[in-house]
Amino acid sequence: MQKIPLDKAKAGMVLAKPVLKENGMVLIAEGTELKENHFSILKKQGIKFIVVKGTPLDLGEGAYGFSLKKRLDRLDYLFRKHQNDPWMQKVKEFFKVYFTYQIKKSKTEK
Amino acid sequence: MEDLRTKRKGKILAVKDLPTLPPVLDEITKMIEDEHCTPKQIAEVIAKDQVLSAKVLKMVNSPVYGFPRRITTIQHAIVLLGFNVIRGIIISTSVFDVMSQAMVGLWEHSLGCATISKIIAEELGLKDPEEFAVAGLLHDIGKVVIAIQLPEEKEEIQKLVAKEDITYLEAEKKVLGFGHDRVNSWLADHWNLPLPTKVALTYHHNPESAEFYEKFAKIVHVADFITKVLEIGNSGDELLNTLSKKDFVDIGLSFKKLAKIMDRVLEDIIEVLTFIPK
């Protein structure tokens, strides 16, 4: 599941959350597969972001200046003063495993 | 030294000189204290300032609060978020307006920290997660005020961070004799911020010193740390402070829960990165 700008949405993507109108009514239901005619409706309602299934924008390689690979590479540098602190090493290990997993996942989902 | 400190404190608290604080803020603060005031009356005061209204609505509709639908009136925003959150938003958007020049990247860091504070509060099942978001939004406001009121000292702090490879907070203490956490506490009193917000602002670097509402300090402490690991924006640090294990465990976090929080952060991150509140 990923929240993406409407201009990056494409036909065939599936909504992971419903799109709501200003009055709270459902405009397009959760689980709907987006079709070309949906886009003009969404634009007209002033919708800027939608939540879709999967991760169409690859954060592994990077999007909008954010990259999980860069995050992974930066860990040693950011944690450089905590090498003798077992707890902080555990925290670092958590992020290492987490980022590695997410990078792998973004590759397979592509 | 004591004289210099008092002088610096005075200079920092001449915050009324800041050109960006909207005049309606004092009026709203008084109205909030008056229990007979209705959301409608306060909304009318804010709505008189169109630029301010637009800024508040933009923030209310930001990924920080993540409402599933658009909020189009100030009155609705007040009912949903409460007076204190709205006042926090007014202060933050006003002060942070000059921030892009004063400290590049700090606004984005604050937005990131606010969003993550809210996500943590939600994942922990706490009520009023917006209150935590606003605490995250304001947690480094002291840094901006230092940058604006004491620009020479701020340069010195930045130089010291690079030269001695220390944290921004450590450098502030060396240069000024106090850190932005102390400035935050003065500002919270000056603006009469509610106690939980003040606690978060004052103790986000050492939550164990907080006597009450420590949850606010602890959650912002963890959110600040995650924002720095992700390097959303720039807090002035390229060095992580220690994540307090005690606080992490105290608020009920585990690595399993942290993974869930990270999943949610990554789901929303593009919206956070593309959000520029102007």
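The rules behind the values
Residues numbered from 1 in each chain as written. Chains lettered and ligands numbered in written order. Predicted model: local features only at pLDDT ≥ 70, side-chain atom pairs only at ≥ 80, totals over all residues. Contact = placed C-beta atoms within 7 Å. Helix = DSSP H or I, 4+ residues; strand = E, 2+ residues; numbered from the N terminus. Nonpolar A, V, L, I, M, F, W, Y, C, P; charged D, E, K, R; others polar. Domains from an automatic or database assignment. Buried ≥ 20, exposed ≤ 12 C-beta atoms within 10 Å, placed from the backbone. Axes fitted to C-alpha atoms, helices over the stretch in contact; angles between N-to-C directions. Parallel < 35°, antiparallel > 145°, perpendicular 65-115°, else oblique. Left-handed = near helix turned anticlockwise from the far one by under 90°. Expected span 1.5 Å × (residues − 1).

### Quick word on the interface of chain A and chain B
Interfaces are frequently sized by the accessible area removed from exposure as the parts join. With 31 residues of chain A at the contact, the number on the chain B side is 24 residues. Those elements giving two or more residues to the side of chain A that touches chain B turn out to be strand 1 (2–5), helix 2 (68–78) and helix 3 (86–109) of chain A. For the side of chain A that touches chain B, the element with the most residues is helix 3 of chain A, which contributes seven residues. A class-by-class count of the residues in the side of chain A that touches chain B yields 18 nonpolar, six polar and seven charged.

### So, the domain arrangement of chain A
When cut into domains, chain A gives domain 1 (2–52) and domain 2 (68–109). Its C-alpha centre places domain 1 of chain A at a distance of 33 Å from the equivalent point of domain 2 of chain A.

### Concerning the environment of Asp268(B)
Tracing the backbone through its elements, the reader meets Asp268(B) in helix 17 (residues 255–274). Assessed through the 20 C-beta atoms surrounding it within 10 Å, Asp268(B) is described here as buried. In the structure, Asp268(B) is positioned 172 residues away from Phe96(B) in sequence and 22 Å away in space, judged by C-alpha atoms. Excluding residues within four positions of it along the chain, Asp268(B) makes contact with Lys3(A), Pro63(B), Gly66(B) and Thr115(B).

### Structural notes on unusual backbone geometry
Phi angles above zero are rare outside glycine, and Tyr64(A) is one such case at about 55 degrees. Relative to the assigned elements, Tyr64(A) resides in the loop between strand 4 (49–52) and helix 2.

### Considering the packing of helix 3 of chain A against helix 17 of chain B
Two packed helices can be described by the angle between their axes and the distance between those axes. Taken N-terminus to C-terminus, the directions of helix 3 of chain A and helix 17 of chain B make an angle of 45 degrees; their axes are 11 Å apart at the nearest point. If you check the angle between helix 3 of chain A and helix 17 of chain B, you find them oblique. Seen from above, helix 3 of chain A lies across helix 17 of chain B with right-handed handedness. Across from Phe94(A), Tyr98(A) and Gln102(A) in helix 3 of chain A, the residues of helix 17 of chain B making contact are Phe255(B), Leu258(B), Ala259(B), Met262(B) and Leu266(B).

### Section: helix 15 (residues 214–230) of chain B
Across its 17 residues, helix 15 of chain B extends 24 Å between first and last C-alpha, which sits within 8% of the 24 Å expected from 1.5 Å per residue. Within two residues after helix 15 of chain B, Glu231(B) carries a phi angle of roughly 50 degrees, on the positive side.

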